[in-house]
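Structural overview for review
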Amino acid sequence: MIPAGNSKQNIDRFLGFQDEYDRYRPEAPPLVTSLLSNYLGGRPSVVADIGCGTGLSTFLWKNAADSVIGIEPNPDMLSKAVEKLNLEDEAQSLSFIQGYSNQLPLDSGSVDIITCSQSFHWMEPLSTLQEIARCLRPGGVFAAYDCDWPLMLQADIETRYNLLITAADNLLAELQPESQRAHKWDKEGHLARIQASGHFSFTREIVFHNTEACDAERYVGLMLSQGGIQTVLKTGSTALDADIARFSAAVEAYFNGRTLPVLISYRMRIGIK
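Reference entry: report on the structure contained in this document.

With that settled, consider the sheet that holds strand β6 (residues 202-214). With mixed pairing, seven strands are arranged side by side in an open sheet as β3-β2-β1-β4-β5-β7-β6. Since the sheet does not close on itself, it has two edges, and those belong to β3 (94-98) and β6, each with one partner. The mean inter-strand angle of the sheet, taken between neighbouring strand axes irrespective of direction, is 20°. Direction of pairing for strand β1 (residues 46-50) relative to strand β4 (residues 111-117): parallel, over a ladder of three bridges. Each bridged residue has a counterpart across the sheet, and for Val 47 the counterpart in β4 is Ile 113. Across the sheet, helix α5 (residues 125-135) touches β1, β4 and β5 (136-147), and the angle it forms with β5 is around 135°.

Here you go:
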């Protein structure tokens, strides 16, 4: 049973494309561990990564904490994370478990740092923040962080990207009744919701950047990995096919066979209990 406050539509939105997600999405930047450990005041004993997906943000901590638990409700995403863990020789500190953001399989006051990477906007915030506060020890740190989409590249391509995402959302509004649509909370409201929860003595927003190598295949893959695009494609609709083809052609022309460094901007909202 899915706990109250969680949405089956939100969880199911990412079924079936765990391989594409893991292949194309950015990895969490190493700066995350040093930033949060500094706010904690030292090396964390226990880190929990909620809505961890395929573990892109969980493996980051394997040498930066004594114990790291990735928690993910979607079975396909979770299976990919476990598959990757089984290939690791030096990740004894990591484990993955199925769970929900407002019903965490963690003891009260047992966790030093809790993170949500690219995931907090899919969680019901009131019950999630209450559960996070229950699990954090005094002085523990919560961080929700996201990268800005699209990744910085070129004006025409970024415009095409944004138009595709909007077209997908509009199409889903026509194809799906409201009761079947996933719901996300606006990322711009993360800090205000953390502050309003009353669970944290200190809050702030941090902005930072990271650079990753990117070629045309990956940049197109990043666009196709977005939940709205994937949901449209899973319906069998071909309404976006022509726009996706034009977007892909523009990206391929820009990269022209090259692999380039691409700047990724991140926004992190933190709360200290």
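Burial analysis of β4 places seven of its seven residues in the buried class, which makes it a mostly covered element. Across six bridges, β4 lies against β5 in parallel orientation. By the bridge assignment, Thr 115 is partnered in β5 with Ala 143. One crossover worth recording links β4 to the parallel β5 by way of α5, and it is right-handed.

Quick look at the nonpolar core now. For soluble globular proteins, the rule of thumb is that nonpolar side chains tend to be buried together. Counting 54 residues, the largest nonpolar core has Leu 36, Trp 61, Tyr 219, Phe 247 and Met 268 as the members making the most contacts within it. With seven residues, the single largest contributor to this core is strand β7 (residues 260-272). Contacts of Met 268, omitting those with residues within four sequence positions, involve Val 32, Leu 36, Ala 143, Ala 144, Tyr 145, Arg 204, Glu 205, Ile 206 and Phe 208. Counting 20 residues, the second largest nonpolar core, distinct from the first, contains Phe 120, Met 123, Cys 135 and Ile 194.

Another point: the packing of helix α6 (residues 155-175) against helix α10 (residues 241-255). The contact between α6 and α10 brings their axes to 10 Å, and the two run at 160°. By the criterion of interaxial angle, the relationship of α6 to α10 is roughly antiparallel. The handedness of the crossing between α6 and α10 is left-handed. Contacts from Ile 157, Arg 160, Tyr 161 and Leu 164 of α6 reach α10 at Asp 243, Ile 244, Arg 246, Phe 247, Ala 250, Val 251 and Tyr 254. A per-class count over the contact of α6 with α10 returns eight nonpolar, no polar and three charged.

The next subject is the packing of aromatic side chains. In this structure the tally under the stated criterion is nine aromatic pairs. Arranged with centres 5.5 Å apart and planes meeting at 65°, the rings of Phe 120 and Phe 142 form a pair that is edge-to-face. Here the residue Phe 120 occupies a position in the loop between β4 and α5, and Phe 142 occupies one in strand β5, the gap between them amounting to 22 residues. Each member of the pair, Phe 120 as well as Phe 142, carries the same accessibility label: buried. A cation sits over an aromatic face here: Arg 258 above Tyr 254, 5.9 Å from the ring centre.

A word on the environment of Ile 244. Turning to its location among the elements, Ile 244 is positioned in helix α10. Measuring from C-alpha to C-alpha, the distance between Ile 244 and Asn 86 comes to 35 Å, with 158 residues separating the pair along the chain. Beyond its immediate sequence surroundings of up to four residues, Ile 244 is in contact with Leu 164, Met 223, Leu 224, Ile 229 and Leu 233.

Conventions used here
- Residues numbered from 1 in each chain as written.
- Predicted model: local features only at pLDDT ≥ 70, side-chain atom pairs only at ≥ 80, totals over all residues.
- Heavy atoms only, no water.
- Pairing = 2+ DSSP bridges.
- Helix = DSSP H or I, 4+ residues; strand = E, 2+ residues; numbered from the N terminus.
- Axes fitted to C-alpha atoms, helices over the stretch in contact; angles between N-to-C directions.
- Contact = heavy atoms within 4.5 Å.
- Buried < 20%, exposed > 50% of the residue type's maximum accessible area, 1.4 Å probe, protein only.
- Right-handed = clockwise from strand over helix to strand, strands pointing away.
- Core = buried A, V, L, I, M, F, W, Y, C linked by side-chain atoms within 4.5 Å.
- Parallel < 35°, antiparallel > 145°, perpendicular 65-115°, else oblique.
- Left-handed = near helix turned anticlockwise from the far one by under 90°.
- Nonpolar A, V, L, I, M, F, W, Y, C, P; charged D, E, K, R; others polar.
- Phe/Tyr/Trp six-rings, centres within 6.5 Å; stacked < 30°, edge-to-face > 60°.
- Lys NZ or Arg CZ within 6 Å of the ring centre and 35° of its normal.

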